[in-house]
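Residue-level structural notes
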Amino acid sequence: MRALFALLALLGVAGIVIGVLTILHGMRGTDGLPFSFENYGGPGPNIAGLIVLATSLYLISIWKPKD
């Protein structure tokens, strides 16, 4: 189960990275000028990645293997 929780943490980190890349890509704009439009994707992937990462780290910390 700890491996599953670690995989979940890795997916959370991947979501954060994708969110940051989405925001950075949107900052360029269509004509190459920075901040030319506001529809950059929002903080959704970052928030979801943080929630998944926090949940998986919590589950790793409290998980006790069966005897």
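A count of helices and strands for the protein chain gives 2 helices and 0 strands. Residues counted as buried form 16% of the 67 residues belonging to the protein chain. For the protein chain, the proportion of contacts with a sequence separation of at least 24, taken over those separated by at least 6, is 62%. Carbon and sulfur atoms make up 73% of the accessible area of the protein chain, which amounts to about 5,100 Å² in all.

Taking 1.5 Å per residue as the helical rise, helix α2 (residues 44–62) with its 19 residues ought to reach 27 Å, and the 27 Å between its terminal C-alpha atoms agrees with that figure. When α2 is considered as a whole, its buried residues turn out to be Asn46, Gly49 and Ser56. Down the axis of α2, the buried side of the element spans an arc of 105°, and every buried residue falls inside it. Of the exposed residues in α2, those oriented more than 90 degrees away from the buried face are Ile51 and Tyr58.

What counts, and at which threshold
- In this convention, every chain numbers its residues from 1, walking through the sequence in written order.
- For a predicted model such as this one, the threshold for reporting local features is a pLDDT of at least 70, and the threshold for listing and counting side-chain atom pairs is 80 or more; totals across whole chains, interfaces and linings nevertheless cover every residue.
- To obtain the side-chain values, all non-hydrogen atoms of the structure were used and water was disregarded.
- The helix and strand labels rest on DSSP assignments: H or I over at least four residues marks a helix, E over at least two residues marks a strand, and numbering proceeds from the N terminus.
- Only protein chains enter the accessibility calculation, which uses a 1.4 Å probe; a residue is then buried when its area is under 20% of its type maximum, exposed when over 50%, and partly exposed in between.
- Here, two residues are considered to be in contact whenever any of their heavy atoms come within 4.5 Å of each other.
- Surface accessibility follows the Shrake-Rupley procedure with a 1.4 Å probe radius. Residue values consider only the protein chains on display as shielding.
- Working rule for helices: expected span equals 1.5 Å times residues minus one.
- Directions are taken from the helix axis to each C-beta atom, and the arc is the one they span.

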